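Chain by chain, the residues run as shown.
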Amino acid sequence: MKSRDCRSKRQASDDGLEYAADDLAGAIAGTGLLARIDAAKLTRTAAVADRLTQRGTGASLFANLSGESLADNTFLDVFADTFVEQAPLCARLVLSFAQSDLRSFADAQWEAV
């Protein structure tokens, strides 16, 4: 049986120093990269949900997203497409946001959620 590397991957600087998730988020805030990362996380979460569904598992999945992503049209397109393609994911996905993001949500972000 082939072994898989299941460790999480972290962003690292050119000299190999790993960034903590909070440090990385702060460093790239406002660049559009958080939305791209969140879109990739959402796509991956949908793939995991699909595999769980195929196995007959009814587990819920958590997705920790940046509030900034909810104001990004490209992320919102991926978000909408994911839920059109995987409608059952809607009932199983728990979105998680930082409290600081929730405090700063505009009406449009609340509508997106």
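Scroll up for the structure.
Model, not experiment: these values are computed from the prediction.

It is not clear to me how the packing of aromatic side chains should be interpreted in this structure. Could you clarify?
How two aromatic rings sit relative to each other is set out by the distance from centre to centre and by the angle between their planes. Applying the stated criterion across every chain, the model contains four aromatic pairs. Ring geometry for Phe79 versus Phe83: centroids 4.8 Å apart, planes at 65°, classification edge-to-face. With Phe79 and Phe83 both in helix α3 (residues 73-85) and four residues apart, this pair spans about one turn of that helix. Residue Phe79 shares its accessibility class with Phe83, and that shared class is buried. Here Phe105 and Trp110 contribute two aromatic rings whose centre-to-centre distance is 5.0 Å and whose plane-to-plane angle is 70°, an arrangement assigned as edge-to-face. Looking at Trp110, the relative accessible area reads 45%, which means it is partly exposed. One aromatic cluster is present, formed by Phe75, Phe79 and Phe83 through successive ring pairs.

Explain the side chain of Thr45 to me, please; I cannot follow it from the model alone.
Position of Thr45 among the secondary structure elements: in helix α2 (residues 33-54). Each residue touching Thr45, except ones within four places of it in the same chain, is listed here: Leu61, Ala63 and Leu93.

Explain α2 here, please?
Helical periodicity: at 3.6 residues per turn, an α-helix aligns residues three or four positions apart in one direction. If you check α2, its first and last C-alpha atoms are 32 Å apart, about what 22 residues at 1.5 Å a residue would give, namely 32 Å. Looking at α2, one finds that the buried residues are Leu34, Ala35, Asp38, Ala39, Leu42, Thr45, Ala46, Ala49 and Leu52. One face of α2 carries all of its buried residues, which in axial projection span an arc of 145°. Along α2, exposed side chains directed more than 90 degrees from the buried face belong to Arg36 and Gln54. Backbone geometry just after α2 places Gly56 at a positive phi near 80°.

Help me out: how do you make sense of the pattern of salt bridges in this one?
When their charged atoms lie close together, side chains carrying opposite charge are able to pair. Taken as a whole, this structure holds one salt bridge when the rule is applied. For Asp38, the salt bridge identified is with Lys41, shortest N-O distance 3.3 Å. In this pair, Asp38 and Lys41 both sit in helix α2, three residues apart, roughly one turn of the helix.

Whenever I open this one, the side chain of Gln109 confuses me. Can you help?
Positionally, Gln109 belongs in helix α6 (residues 107-112). Judged by relative accessible area, Gln109 falls into the buried class, the value being 11%. With residues near it in sequence (within four places) discarded, Gln109 still touches Gly67, Glu68, Leu70, Ala71 and Ser104.

Looking at this model, I keep getting lost on the environment of Ala49. Mind explaining?
Here Ala49 shows up in helix α2. Overall, Ala49 belongs to the buried group, its relative accessible area being 3%. Remark: the alpha-carbon pair of Ala49 and Leu89, spanning 40 residues in sequence, is separated by 6.7 Å. Excluding anything up to four places from it in sequence, Ala49 contacts Leu61, Gln86, Leu89 and Arg92.

Criteria and thresholds
- Residues numbered from 1 in each chain as written.
- Predicted model: local features only at pLDDT ≥ 70, side-chain atom pairs only at ≥ 80, totals over all residues.
- Heavy atoms only, no water.
- Phe/Tyr/Trp six-rings, centres within 6.5 Å; stacked < 30°, edge-to-face > 60°.
- Helix = DSSP H or I, 4+ residues; strand = E, 2+ residues; numbered from the N terminus.
- Buried < 20%, exposed > 50% of the residue type's maximum accessible area, 1.4 Å probe, protein only.
- Contact = heavy atoms within 4.5 Å.
- Expected span 1.5 Å × (residues − 1).
- Arc of directions from axis to C-beta.
- Salt bridge = Lys/Arg side-chain N within 4 Å of Asp/Glu carboxyl O.

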